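A structural walkthrough
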Amino acid sequence: MEGEDKTCRRVTATAYLLTRLRVLLLVTHFSPALFDHSCLSASYYGNFNDGPLTNSIFLPDVACLDAWSAQALAAQASIAEATKDIQQLVWVEQEAVEPSLMAATRSFRNEFDAFLHRLSRPKHARGQEVLGVPERKMGYELLYRTPTAALLSVSAATARSIDTILPRFWKSTLVSTTPVSFLPVPADAVKHVKHILSTLEFNPEIAAIVDSISVPQMINDIRFLTGEDDVSGIMSRHSFSDGSRVAADWLKSRFEDTGATCEPQPFLLGFAPNVICAYPSTVNTSATVLLSAHYDSRGSFGSTRAPGGDDDGSGTMALLAIARTIARKGIKFQSNVQLAAFAGEEQGLLGSKAYARKMRDIDANITVMIQADMLAYRAEGEPPQLGLPSTVGTTEVTQLVANVSGIYSPELRVGFTTACCSDHQSFHEQGFPATQVFERAGPIADPMYHNSGDLSDREGYDFDQVKSIAKVQLATLLHSAGYEL
Ligand SMILES: *[C@@H]1O[C@H](CO)[C@@H](O)[C@H](O)[C@H]1NC(C)=O
Ligand SMILES: *[C@@H]1O[C@H](CO)[C@@H](O)[C@H](O)[C@H]1NC(C)=O
Ligand SMILES: *[C@@H]1O[C@H](CO)[C@@H](O)[C@H](O)[C@H]1NC(C)=O
Ligand SMILES: [Zn+2]
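These remarks concern the structure in this document. (Residues numbered from 1 in each chain as written. Chains lettered and ligands numbered in written order. Predicted model: local features only at pLDDT ≥ 70, side-chain atom pairs only at ≥ 80, totals over all residues. Heavy atoms only, no water.)

Brief notes about the overall build of the protein chain
Assigned secondary structure in the protein chain consists of 16 helices and 18 strands. Counting all 485 residues of the protein chain, 57% fall into the buried class. Within the protein chain, residue pairs in contact and separated by at least 24 positions form 82% of the contacts whose partners lie at least 6 positions apart. (Helix = DSSP H or I, 4+ residues; strand = E, 2+ residues; numbered from the N terminus. Buried < 20%, exposed > 50% of the residue type's maximum accessible area, 1.4 Å probe, protein only. Contact = heavy atoms within 4.5 Å.)

Spelled out as structure tokens, the structure:
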């Protein structure tokens, strides 16, 4: 106990000195109990993943830190410091990928240091130059670092394009510039999902519907999205590219062909829009089931080609395959149904964050949300698989998807993946029941991940696996929303 007291005082004294010139950041393991401290909840900036760990970031004032410091020590919080001219905080983390894939790249330390070097070049620090930040501070401030994650302060311009200079197996998330609310998924929403799960049983009509998903159609669709068909002219679907605009227009038209009403929803200047499509409900209800994927992509460092065949052309074509099946079978839903193709995923879930916030602002009743991200790659010698998130997501929705898979796609080996986190995180954070479907019960194994060679016509790209997972998505939709033919 004595030791603990001493350390408390040290934390407090440091906090006092630092706040004169600096901003304090607390990075601590996430726990709902943290939000019992009102001053902490008021200074919460979100949750960020580091491998299997979830960290919460707070920017508390000194009094708050004082009041909380004993628990802070117990929770092994880190206190980072930043200069007051923080522009944009960015969390960067290493993806969960197979060690054999990693071995092909340079060591972590070299990759990360090379990244910091790229960040420090003036090209990426224009925003800070304008504000007269001394040259030695140009580029970035490194505020927190573990072997597999880091928190940086960079200019707003750098933050938005940071994915173009990140090492291949790293991804970034922008930290909000204002405090956010911690919104757990309400017990009532979980109860609703549990109810769907408890009444789940094989329905031959649903089996016939999902079995009719067309693989040849998926092959046509993906070849348009990747530019492999030589018709679309798409070289890249990176959110800033011309190809992403072509893809957005095309997706809108294709979804509308199936009877949906679609709206391109811009969310940030310079980014391609989210494409949000909706089918009406036959009954008067607020209940809404949302299936999604991200249509933006990322290629090799330094290359303008970003076909995104697997990431996430595969999730996007599955969504389209589901829409085409809805139309072909003349399905009407007894809930509102939305199909969303998000952009800005590769820059830190930006499109889905904007849309999830919008849904929260109007108090939407999203009862089930499923994001499909990377469905196609199957390593040689492995069975077709369905990976479900082991860290971020609503356990009950994940269980629902697992059980639906057992019923309608028994050919899939279902398991957990630490590959984390796609657009479902944005919805989960806003208190909506959400999960993700992924191609593997384990880390990422696709050798073309974030690579300009991520085409659909290649070894390991398995359309049958995509169909099996799309069957799970559509069956979950039909069971959750209710339908008529
Ligand atoms: C889900 O499937 C598992 C494994 O088949 C089964 O044990 C469990 O009872 C199912 N859950 C529900 C709620 O049906
Ligand atoms: C639908 O239900 C809401 C809430 O119960 C009600 O206010 C609204 O009038 C209903 N709309 C129609 C078209 O019946
Ligand atoms: C949301 O929809 C579900 C399913 O119809 C319903 O049980 C629940 O009461 C609705 N929630 C709200 C807040 O309207
Ligand atoms: Zn992705």
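After presenting the structure, the write-up continues.
A few points about the state of the cysteines
Going through the model one piece at a time under the given rule, you end up with 3 disulfides. The side chain of C420 participates in a disulfide bridge whose partner is C421; the two sulfur atoms lie 1.6 Å from each other. As far as burial versus exposure is concerned, C420 and C421 are alike and both buried. Taking only the cysteines that form disulfides and numbering them from first to last, the protein chain has the pattern 1-2, 3-4, 5-6. (Disulfide = S-S within 2.5 Å.)

A word on the packing of aromatic side chains
Two numbers describe a pair of aromatic rings. These are the distance of the centres and the angle of the planes. Under the counting rule described, the total for this entry stands at 22 aromatic pairs. With centroids separated by 6.1 Å and ring planes inclined at 55°, the aromatic side chains of Y279 and F333 adopt a geometry described as tilted. Here Y279 is found in strand β10 (residues 274-279), whereas its partner F333 is found in strand β12 (residues 332-333), with 54 residues between them in sequence. By relative accessible area, Y279 is classed as buried at 6%. A ring pair is formed by F342 and Y355, whose centres lie 6.2 Å apart and whose planes are at 50°; its orientation type is tilted. Of this pair, F342 sits in strand β13 (residues 336-342) while Y355 sits in helix α13 (residues 350-361), placing them 13 residues apart in sequence. Taken individually, F342 and Y355 each receive the classification buried, so the pair is uniform in this respect. A network of ring pairs unites the aromatic residues F30, F35, Y44, F58 and F182 as a single cluster. Lying over the aromatic face of F301, R118 brings its terminal NZ or CZ to 4.4 Å of the ring centre. (Phe/Tyr/Trp six-rings, centres within 6.5 Å; stacked < 30°, edge-to-face > 60°. Lys NZ or Arg CZ within 6 Å of the ring centre and 35° of its normal.)

Some remarks on unusual backbone geometry
Along the chain, D311 connects to D312 via a cis peptide bond; the corresponding omega equals -5°. Its location among the elements puts D312 in the loop between β11 (287-294) and α12 (313-329). The omega torsion across C420 and C421 is 15°, close enough to zero to call that bond cis. Locating C421 in the fold gives a position in the loop between β16 (413-417) and α15 (424-429). The phi angle at D230 is positive, at roughly 60°, despite the residue not being glycine. With respect to the helices and strands, D230 occurs in the loop between α10 (215-226) and α11 (242-257). Accessibility expressed as a relative area gives 73% for D230, which makes it exposed.

Considerations on the layout of surface pockets
Approximately 970 Å³ is the volume found for the largest pocket. Lining of the largest pocket is provided by 39 residues; of these, G46, V180, K353, E429 and Q430 occupy positions nearest its centre. Of all the secondary-structure elements, those providing two or more residues to the lining of the largest pocket are β2 (44-50), α13 and α15. Sorting elements by how many residues they give to the lining of the largest pocket places α13 first, with 7 residues. (1 Å grid on protein atoms, 1.4 Å probe; cavity = no way out; pocket = protein on both sides within 12 Å on 5 of 7 lines; lining within 4 Å. Points joined across faces, edges and corners; volume = space filled by probe spheres on them.)

A few points about the nonpolar core
In this structure, F115, F333 and L477 are the most contacted members of the largest nonpolar core, which totals 88 residues. Counting residues in hydrophobic clusters, the runner-up holds 14 residues, among them F48, A80, A82 and L151. (Core = buried A, V, L, I, M, F, W, Y, C linked by side-chain atoms within 4.5 Å.)

Section: empty space enclosed by the protein
Counted under the stated rule, the structure contains 3 cavities of 30 Å³ or more. Per-element accounting of the lining of the largest cavity gives the leading share, 3 residues, to strand β8 (residues 170-174). In terms of domain composition, the lining of the largest cavity takes at least three residues from each of domain 1 (9-174) and domain 2 (187-484). (Domains from an automatic or database assignment.)

Considering the side chain of S281
As for its position among the elements, S281 is in the loop between β10 and β11. In this structure the side chain of S281 is engaged in a polar contact, spanning 3.4 Å, whose partner is the backbone nitrogen of S335. Excluding anything up to four places from it in sequence, S281 contacts F333, Q334, S335 and N336. (Polar contact = N/O pair within 3.5 Å; in protein donor to acceptor, adjacent residues only side chain to side chain.)

Considering the pattern of salt bridges
Applying the stated criterion to the full structure yields 12 salt bridges. D462 is the partner of R378 in a salt bridge, and the nearest nitrogen-oxygen pair spans 2.6 Å. Of the two residues, R378 is situated in the loop between β14 (365-372) and β15 (385-389) and D462 in the loop between β17 (434-437) and α16 (463-481); the sequence distance between them amounts to 84 residues. Taking the relative accessible area as the measure of exposure, D462 reaches 13% and is therefore buried. (Salt bridge = Lys/Arg side-chain N within 4 Å of Asp/Glu carboxyl O.)

What to know about the sheet that holds strand β7 (residues 149-154)
Within the open sheet, the 4 strands sit side by side as β6-β7-β5-β8. Their pairing is antiparallel. One side of each edge strand has no neighbouring strand; the edge strands of this open sheet are β6 (141-146) and β8. The mean angle between the axes of side-by-side strands here comes to 20°, regardless of whether they run parallel or antiparallel. (Pairing = 2+ DSSP bridges. Axes fitted to C-alpha atoms, helices over the stretch in contact; angles between N-to-C directions.)

Re the sheet that holds β11
Here 6 strands make up an open sheet; going across it, the order is β9-β10-β13-β11-β14-β17 and the pairing mixed. In the strand order of this sheet, the two ends are held by β9 (261-265) and β17, each with one partner. Taking the axes of each pair of neighbouring strands and ignoring which way they run, one obtains an average angle of 20° across the sheet. Two elements, β14 and β17, share 4 bridges in a ladder whose sense is parallel. Following the sheet pairing, M369 is matched in β17 by A434. Of the strands in this sheet, β10, β11, β13 and β14 touch α12, which is tilted by about 135° from β11.

Observations regarding the pairing of β6
Sheet analysis places β6 next to β7, joined by 5 bridges and oriented antiparallel. Across the sheet, residue L142 finds its bridge partner in β7, namely L152. As consecutive antiparallel partners, β6 and β7 are separated by 2 residues.

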